[in-house]
Amino acid sequence: MAERYRYDVEILHLLVSPGHAYFGRAKDGPADVPTLDAGTAEVVAGKGIVGDRFFGKAAHMDAAVTLFAVEALEAMAAELEAGPFDPLATRRNVILRGAHLAPLLGHDFALESGDSVVGFHGGRPAHPCAWMNEVLAPGAHAAMRGRGGIRCRAISSGSLHSGPAVLVSPVPLDPGQAGVPSVLRPGRLP
């Protein structure tokens, strides 16, 4: 049996948006797209978050759900002497507190939220776009490089809920970065 590391985290925000807000020229401003900071988000294996702009889009199946650690945003605000920044402005789907996400790239992991367990595969980094300079602060685009979160494929269906959650990882996450392991136990990921 493979080891699993369990980290107590908090889901701060669940962003569901039916359209893209950041396209075209930044000087024209973002598109007026309704954005829902949902208390609950339904995730469907192989498709993403129901109602989101990437749901069921073939080109985005391996990266339909984005996860982002709010600690990275807080560090950027401090470095840029700006903020506080609105986490929803990053347009990431799942904003977490207490999770260092980079080690999850290339691995299957899960979020236990409420009475549901949702499995993900960490596909690739979520690179920031130049819009971050407009919607967060000048210099935010460069500051966000390398810590913009991760893009994931949903590998099991379930519900995510705002509030306390557990991140179940097959690899240890650097507790100095964010989150401290709550329990180490053997087992298989969903």
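Worth saying up front: this structure is predicted, and the values here are computed from it rather than measured.

What counts and what doesn't
- Residues numbered from 1 in each chain as written.
- Predicted model: local features only at pLDDT ≥ 70, side-chain atom pairs only at ≥ 80, totals over all residues.
- Heavy atoms only, no water.
- Pairing = 2+ DSSP bridges.
- Helix = DSSP H or I, 4+ residues; strand = E, 2+ residues; numbered from the N terminus.
- Polar contact = N/O pair within 3.5 Å; in protein donor to acceptor, adjacent residues only side chain to side chain.
- Contact = heavy atoms within 4.5 Å.
- Buried < 20%, exposed > 50% of the residue type's maximum accessible area, 1.4 Å probe, protein only.
- Arc of directions from axis to C-beta.
- Core = buried A, V, L, I, M, F, W, Y, C linked by side-chain atoms within 4.5 Å.

(A) The sheet that holds strand E4 (residues 48-49), seen in detail. Read from one edge to the other, the open sheet built from 3 strands follows the order E4-E3-E10, with strand pairing classed as antiparallel. Only two strands of the sheet have a single neighbouring strand rather than two, namely E4 and strand E10 (158-161). Two elements, strand E3 (residues 40-44) and E4, share 2 bridges in a ladder whose sense is antiparallel. Considered in E4, the bridge of Val43 is made with Ile49.

(B) Summary view of the side chain of Asn93. Summarising the element assignment, Asn93 is placed in the loop between helix H1 (70-79) and strand E6 (94-97). At a separation of 3.2 Å, a polar atom in the side chain of Asn93 contacts the side chain of Asp52. The residues touching Asn93, leaving out its near neighbours within four places in the chain, are His13, Leu14, Leu15, Ile49, Asp52, Arg53, Ala64, Val65 and Thr66.

(C) Looking closely at H1. All of the buried residues along H1 are Val70, Ala72, Leu73, Met76 and Ala77. Buried residues in H1, looked at end-on, bunch into an arc of 155°, giving them a common side. Opposite the packed face of H1, turned more than 90 degrees from it, sit the exposed residues Ala78 and Glu79. Residues of H1 that are buried sit in contact with strand E1 (3-16), strand E5 (65-69), E6 and helix H3 (140-144). In the stretch just after H1, Glu81 is the one whose phi turns positive, near 50°.

(D) Quick look at the environment of Ala110. By the element assignment, Ala110 lies in strand E7 (residues 108-113). Residues Ala110 and Pro170, spaced 60 residues apart in sequence, show a C-alpha to C-alpha distance of 9.4 Å.

(E) Representation of the nonpolar core. Counting 30 residues, the largest nonpolar core has Leu67, Val94, Leu96, Leu111, Phe120 and Leu160 as its most contacted members. For this core, the elements supplying multiple residues, two or more each, are E1, E3, E5, E6, E7, strand E8 (116-125), strand E9 (150-154) and strand E11 (163-169). Tallying contributions element by element places E1 first for this core, with 6 residues. If we skip the residues at most four places from it in the chain, Leu111 touches Val9, Leu67, Val94, Leu96, Ser116, Val117, Val118, Phe120, Leu160, Val166 and Leu167. Core analysis: the next-biggest nonpolar cluster, separate from the first, contains 16 residues, Leu73, Met76, Met132 and Ala140 among them.

(F) Fine view of the pairing of E3. Only one face of E3 is covered, namely the one carrying Ala41 and Val43; the face carrying Thr40, Glu42 and Val44 has none of its residues buried. With 4 bridges connecting them, E3 and E10 associate as antiparallel partners. Note that in E10 the partner of Thr40 across the bridge is His161. Between E3 and E4, which pair antiparallel in sequence order, lie 3 residues; one of them, Gly46, sits at a positive phi of approximately 75°.

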